[in-house]
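Inside the fold
What follows is each chain in one-letter form.
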Number of protein chains: 2
Amino acid sequence: MSLAHVLLTSLLEKPSTGFELARRFDRSMGFFWNATHQQIYRELNGMLKKGWISTLEEQAANSRKKTYQVEQLGRIQLATWIEQQSEPAQLRDDLMVRLRAEAQLGGNNILPELERHLVLHKEKLGLYQAIHDKDFKNNEPTNRVLFIHKMILELGIIKENEWIKWLEQMIPQLKKFEEANGTGE
Amino acid sequence: MSLAHVLLTSLLEKPSTGFELARRFDRSMGFFWNATHQQIYRELNGMLKKGWISTLEEQAANSRKKTYQVEQLGRIQLATWIEQQSEPAQLRDDLMVRLRAEAQLGGNNILPELERHLVLHKEKLGLYQAIHDKDFKNNEPTNRVLFIHKMILELGIIKENEWIKWLEQMIPQLKKFEEANGTGE
DNA sequence: GTGAACATGTAAACAGTTACATGATTCT
DNA sequence: AGAATCATGTAACTGTTTACATGTTCAC
């Protein structure tokens, strides 16, 4: 159950509404965890009941908007959770399943999807690099928090780069097999 | 719902029992998809009901063992599914959540977990490389199916390598922050 | 004032994990 | 005969996704 802890971390950085949290997931946070707004609201309600977080009082009474902040209980929970071990995330990659299925079944129809993914990975890389340029430019952070954020971002960049390299090797080689097999299938 | 299609692909390669499928997941298949035996049995029963797969008749009547094979309906399902688009798999990485939480909360307690993960990734890399050496040695496969299997395996190797490189950069730098902060606390 | 973006929620369906239980086969 | 491994299953729970519904705020 990491979602609660992602949210706690995010709220520690800045008290926020559920909506803001969801949006932040689409940015920096999103490349190692993501969640839909429904999941987030449910989790926030749960944590509110357990007393891990609370809503800010100052809110206008006529608004539905609720800004959450972390309570002491939430901090303790997060600190306890950090100590726990977890196994490396296991891949669950639809594209690899499709690729292997297509290999078995034939049809030579996987190329457009590979090319589409190449574009998507390039876009994501561009986004990450833009954040990197903006936040870390050329100076090495002396602050431990910033250093960790930078390293996490760089891991994201590395992963996108590797995907791109792999796809750029895969696509032309599959095309060769297609040619070798003749034009008509 | 990819699990069904992973199983279909696996069964196309070779008719198998649920147990055999589960075991195969721990090997080559497992590095881009994995499932517990309970998931597999449930899915197999579901596909059996839908007529995508069937059991071999030849089985001894007094055994509980059931060997499944793909039916025409299953092939059609798989072929249809391959055509569909899917978004790149999104990461869900506990370790990154912990790292970012620890950055925010302090405590300098994440290093042992990073070192543990480094060992795990090295072990996994060793396993993949052993499979690679065994199956593909030094000769480039001319067969399209084998070529795809090789490329998928190499993607796994690349990913483990990148993790190792990243962790080997991260760990000493975090140790520096620890030292800079003094021995106590 | 109306449309876009902000903001929150319920309900149902689907997928994945954990705990528990049991039978069959093979090896010693 | 007993242990290890092979093999399958039920039940309960937890987590995730999708569809649907609705109210609020801000800019034009």
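Please read all numbers here as calculations on a predicted model, not as lab measurements.

1. Overview of the overall build of chain A
Along its length, chain A carries 7 helices and 2 strands. Its helices and strands in sequence order give chain A the pattern α-α-α-β-β-α-α-α-α, from N to C terminus. Over its C-alpha atoms chain A spans a radius of gyration of 22 Å, topping by over 25% the 16 Å that the globule rule assigns to 185 residues. By its C-alpha atoms, chain A is 70 × 40 × 35 Å across when sized along the principal axes. When contacts within chain A are restricted to residue pairs at least 6 apart in sequence, those whose partners lie at least 24 apart make up 55%. A total accessible area of about 9,800 Å² is found for chain A, and carbon and sulfur atoms account for 50% of it. If the 25 positive side-chain charges of chain A are averaged to one point and the 25 negative ones to another, these points end up 6 Å apart.

2. A word on the interface of chain B and chain A
The partner chain A presents 72 residues to the 71 residues of chain B that form the contact. Contact between chain B and chain A buries roughly 7,500 Å² in total, counting both sides, with carbon and sulfur atoms accounting for 63%. The largest contributions to the chain B side of the interface with chain A come from Arg-98, Arg-100 and Arg-144 of chain B, which together make up 11% of the buried area. Applying the counting criterion to the chain B and chain A interface returns 6 salt bridges. Residues Arg-100 of chain A and Glu-13 of chain B are paired through a salt bridge, measuring 3.3 Å at the closest nitrogen-oxygen approach. The interface formed by chain B and chain A includes 35 residue pairs in polar contact (both at pLDDT 80 or more). Looking at the side of chain B that touches chain A, the elements with two or more residues in it are helix H1 (3–13), helix H4 (72–83), helix H5 (94–105), helix H6 (111–136) and helix H7 (144–180) of chain B.

3. Observations regarding the packing of helix H5 (residues 94–105) of chain A against helix H7 (residues 144–180) of chain A
All names here are of chain A. Closest axis-to-axis distance for the H5/H7 pair is 14 Å, and the angle between their directions is 15°. Considering the angle they form, H5 stands roughly parallel to H7. The two elements H5 and H7 meet at a crossing, and its hand is left-handed. Seen from H5, the contacting residues are Leu-95, Met-96 and Leu-99; seen from H7, they are Trp-163, Trp-166 and Met-170.

4. Here we look at the relation of the copies chain B and chain A
Comparison of the two chain copies shows a relationship of rotation about an axis with a shift along it. For the match of chain B to chain A, the screw axis carries a shift of 0.0 Å, the RMSD comes to 0.1 Å, and the turn is 180°. Here the two chains are linked by the operation of a two-fold rotation axis. Same-surface contact between copies: 100% of interface residues of chain B are shared with the interface of chain A.

5. Things to note about the protein's contact with DNA strand D
By nearness alone, 21 residues border DNA strand D, and Met-1 and Arg-42 of chain A together with Phe-19, Tyr-41 and Lys-66 of chain B come closest of all. Sugar plus phosphate: this is where 58% of the atoms of DNA strand D within 4 Å of the protein reside. One nitrogen or oxygen atom from the side chain of Arg-42 of chain A is found 3.0 Å from a base oxygen belonging to DNA strand D. One nitrogen or oxygen atom from the side chain of His-37 of chain B is found 3.2 Å from a base oxygen belonging to DNA strand D. Every element with two or more residues in the surface near DNA strand D is listed here: helix H3 (37–50) of chain A together with helix H2 (18–25) and helix H3 (37–50) of chain B. With 5 residues, the top contributor of residues to the surface near DNA strand D is H3 of chain B. Its residues placed into classes, the surface near DNA strand D shows 3 nonpolar, 10 polar and 8 charged.

6. Some points on the protein's contact with DNA strand C
Surrounding DNA strand C, one finds 20 residues, the nearest of these being Phe-19, Arg-64 and Lys-66 of chain A together with Met-1 and Arg-42 of chain B. In the interface set of DNA strand C, defined as its atoms within 4 Å of the protein, sugar plus phosphate atoms amount to 56%. Contacts to DNA strand C include Gln-38 of chain A, whose side-chain N or O atom sits 3.5 Å from a base oxygen. Taking Gln-39 of chain B, its side chain carries an N or O atom lying 3.1 Å from a phosphate oxygen of DNA strand C. At the level of secondary structure, the elements contributing two or more residues to the surface near DNA strand C comprise helix H2 (18–25) and H3 of chain A together with H3 of chain B. Broken down by element, the surface near DNA strand C gets its largest block of residues, 5 residues, from H3 of chain A.

7. With respect to the pattern of salt bridges
Summed over all chains, the structure comprises 22 salt bridges over all chains. Between Glu-162 of chain B and Lys-165 of chain B there is a salt bridge, with the nearest N and O atoms lying 3.7 Å from each other. One end of the pair, Glu-162 of chain B, and the other, Lys-165 of chain B, are both in helix H7, 3 residues apart, so they sit about a helical turn from each other. Linked through salt bridges whose partners overlap, the residues forming this network are Glu-87 of chain A together with Glu-113 and Arg-116 of chain B.

Cut-offs used in this document
- Residues numbered from 1 in each chain as written.
- Chains lettered and ligands numbered in written order.
- Predicted model: local features only at pLDDT ≥ 70, side-chain atom pairs only at ≥ 80, totals over all residues.
- Heavy atoms only, no water.
- Helix = DSSP H or I, 4+ residues; strand = E, 2+ residues; numbered from the N terminus.
- Rg over C-alpha atoms; globule rule 2.2 N^0.38 Å.
- Contact = heavy atoms within 4.5 Å.
- Areas by Shrake-Rupley, 256 points an atom, 1.4 Å probe, with all protein chains shown as cover.
- Lys, Arg positive; Asp, Glu negative; His and termini not counted.
- Charge placed at Lys NZ, Arg CZ, Asp CG, Glu CD.
- Buried area = accessible area lost by both parts, 1.4 Å probe.
- Salt bridge = Lys/Arg side-chain N within 4 Å of Asp/Glu carboxyl O.
- Polar contact = N/O pair within 3.5 Å; in protein donor to acceptor, adjacent residues only side chain to side chain.
- Axes fitted to C-alpha atoms, helices over the stretch in contact; angles between N-to-C directions.
- Parallel < 35°, antiparallel > 145°, perpendicular 65-115°, else oblique.
- Left-handed = near helix turned anticlockwise from the far one by under 90°.
- Least-squares fit on C-alpha atoms with pLDDT ≥ 70 in both.
- Near = heavy atom within 4 Å.
- Nonpolar A, V, L, I, M, F, W, Y, C, P; charged D, E, K, R; others polar.

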